[in-house]
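Examination of the molecular architecture
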Amino acid sequence: MVGDETASRIDQARTADIDRVLLFVLPLLALLPPMVHAYATLKLPLGIHFWLLSSGIAALAVLLGSAVAWLSTKAQDRPWQILQAVLLGSVVLLIIDLSTYRFDESLLRARLPWTMGLWACLAAMFWLLRRQLPKILFVGALALLLSTVAPQIQLSFLAPAAEAGVADGMGKETPPVIYIVLDEMIGPEGIPRDIEGGENAYQAVRQLFAKHGFRLFGSAFSRHSLTVRSIPNTLNYDVDDNSWGMVLRHSNNDVVQSVLLEELALSKPLVVYQTKHINFCSSVPTRCETLQSYDAQGEWVTQLGLGPAETLFTLREALSGSLLARGGIHLLAVTLRLDLNKAVPEYFDVHAFPAWFDHFSDDVFRSEGNSNYFAHLLSPHAPYILDASCAPQEGWELPYNLDDQHLSDVALDDARARHYRAYFGQMSCLLGKLDAFLMRLADSPAFSDATIVLHGDHGSRISGGRFAETITERDLVDNHSTLYAIRAPEIEAAYDLRRVSVQQLTAEYFGNVSRPAADDLSVVIDSIREGNAVVRQMPKTQGETQLGGDMADWQSSHEHDESDRSGLPRVR
């Protein structure tokens, strides 16, 4: 009999010890998973801020667990049991707060009686279930851990894009067209080779398009330095627009209407890749993929370019309804001396570019040539936060209209050179992505006869200014010189120094427009006076003025060869 009682007491003591251990680890298991899940869902980098924030929450969880476990030693004393139930109710409220983001300050002020009532109900329920409570709560916390932290089988940003398919009546035999606009991509002859990195950037552009058999127009330019005019005019074969201002041309309800896209949709399903800056998704495309340019929590905004302040800002906005998370993030920002109010960039296209371009590349490859593609990509567009390997760099700075800073000539040259050095790094990232993309297409027979167009919408715009009253010839080159490269079976690969606008080239290649007797070298420049635009002649680029030797002989002979031609080989 005595032995049975002793064994019973030993079992009770062992059970009590197990319960205390379960109660101790319960807050830790319950409070950390929501934070880890938030980082994983937002694809945020696990930097020092993550470990400090997680350590703070872990410390709070250990403190609560220790208190609850200690109170369980007072199991024979009813007031201590009630305090334990109340404390466990607080733990569950914190779990709800951190997991569902429901207890923001405004909600608490408006519904404080309801919150207190919930707290009281939880405490009462825990009191009634106090003998089985440790095991019940531990199983619940373990389930929360497994549901939030367990690796996902397939991340959404790696999921295959929907296939466009081939509609009935569309010719599968028609070679595909891949038309890509690279925002702010300067033309090779516009690259300032006197700036550090400029010569390498120039050679890299030349070599890339020579390697892949393109006809590269080294002296091409855009008639417009603003995207809202340049791209819509190009896609509508409009070579005469001399309008003024930030007005989206050829649009209906802020959606660009495009003759070229309509024509591409006639032969194959058309897939459009765009940003939130300009909408090309009219009724014409079969499918649209839109990068959420202004969403710091968008799936394509990975760890690229997100420093500690930007990461904590993004996390704070995502967990804005959680008092515990906001309090912890605020305390961490104060400790690290980070100003979260200045952390958020204006847009996230550059941060997302590497993953977004890979997504686009995979989509094109999976189509097996059964779809046409149009893409507007903000690369190498400012800010310059990617190096040549597409690795992120700190900082957010826009290089436009440097004369607004009232710099001296020397300071202006220094600022321009500094921005261009960063620009060349980001351009190298883009060129690397393009090279891999084109090599991948070259390995697929489905794209052997594809027409591929890559052109910019304007120059780098790393210039003193853009208004007619103060603009210089160097500014004109910085703002308007842009890339134009095309590859198609009927187009001879070459480095072509014809000085011609991208609007004219697309009209000739796609729009049944004959080459004019003399190329229009005009560019349209906004005046400071509202509604007034000034037409100027595009000056020679730095590269053109330095031509000599074999390059000069090449240019002279080819200008003579093409003097009798009324147009170019058309791809449609």
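Structure shown above.
Only a predicted model underlies this, so the values are computations on that prediction, with no experimental measurement involved.

Inspection of every chain in the model, using the stated rule, returns 17 salt bridges. R474 is the salt-bridge partner of D413, the closest N and O atoms lying 3.1 Å from each other. Taken as a pair, D413 in helix α13 (residues 409-442) and R474 in helix α14 (residues 473-480) lie far apart in primary sequence, 61 residues in all. Judged by its relative accessible area of 36%, D413 falls in the partly exposed class. Here E469 and R529 are joined by a salt bridge, their closest N and O atoms 3.6 Å apart.

Attention now goes to the sheet that holds strand β1 (residues 177-182). Across the sheet, eight strands lie side by side as β6-β5-β7-β1-β8-β9-β2-β10; this open sheet has mixed pairing. One side of each edge strand has no neighbouring strand; the edge strands of this open sheet are β6 (287-291) and β10 (494-496). Adjacent strand axes in the sheet meet at a mean angle of 10 degrees, parallel and antiparallel pairs treated alike. Where β1 lies against strand β8 (residues 451-456), six bridges are found, and the strand directions are parallel. Residue pairing for β8: I178 is matched across the bridge by I452. Each of β1, β5 (270-275), β6 and β7 (372-377) touches helix α12 (residues 349-367); the most contacted strand, β7, lies at about 175 degrees to it. Strand contacts of helix α15 (residues 502-510): β1, β2 (215-217), β8 and β9 (484-487), with the helix running at about 15 degrees to β9, the strand carrying the most contacts.

What follows covers α12. Of all the bends in α12, the largest measures some 40 degrees and sits at A355. Counting buried residues along α12, 15 of its 19 residues qualify, which places the element largely inside the surrounding structure. Note on α12: the residue one or two positions beyond its end, E368, has a positive phi of about 55 degrees.

Rules used throughout
- Residues numbered from 1 in each chain as written.
- Predicted model: local features only at pLDDT ≥ 70, side-chain atom pairs only at ≥ 80, totals over all residues.
- Heavy atoms only, no water.
- Salt bridge = Lys/Arg side-chain N within 4 Å of Asp/Glu carboxyl O.
- Helix = DSSP H or I, 4+ residues; strand = E, 2+ residues; numbered from the N terminus.
- Buried < 20%, exposed > 50% of the residue type's maximum accessible area, 1.4 Å probe, protein only.
- Pairing = 2+ DSSP bridges.
- Axes fitted to C-alpha atoms, helices over the stretch in contact; angles between N-to-C directions.
- Contact = heavy atoms within 4.5 Å.
- Bend = angle between axes of the 7 residues up to and from the residue.

Any functional reading would require information beyond the geometric quantities listed.
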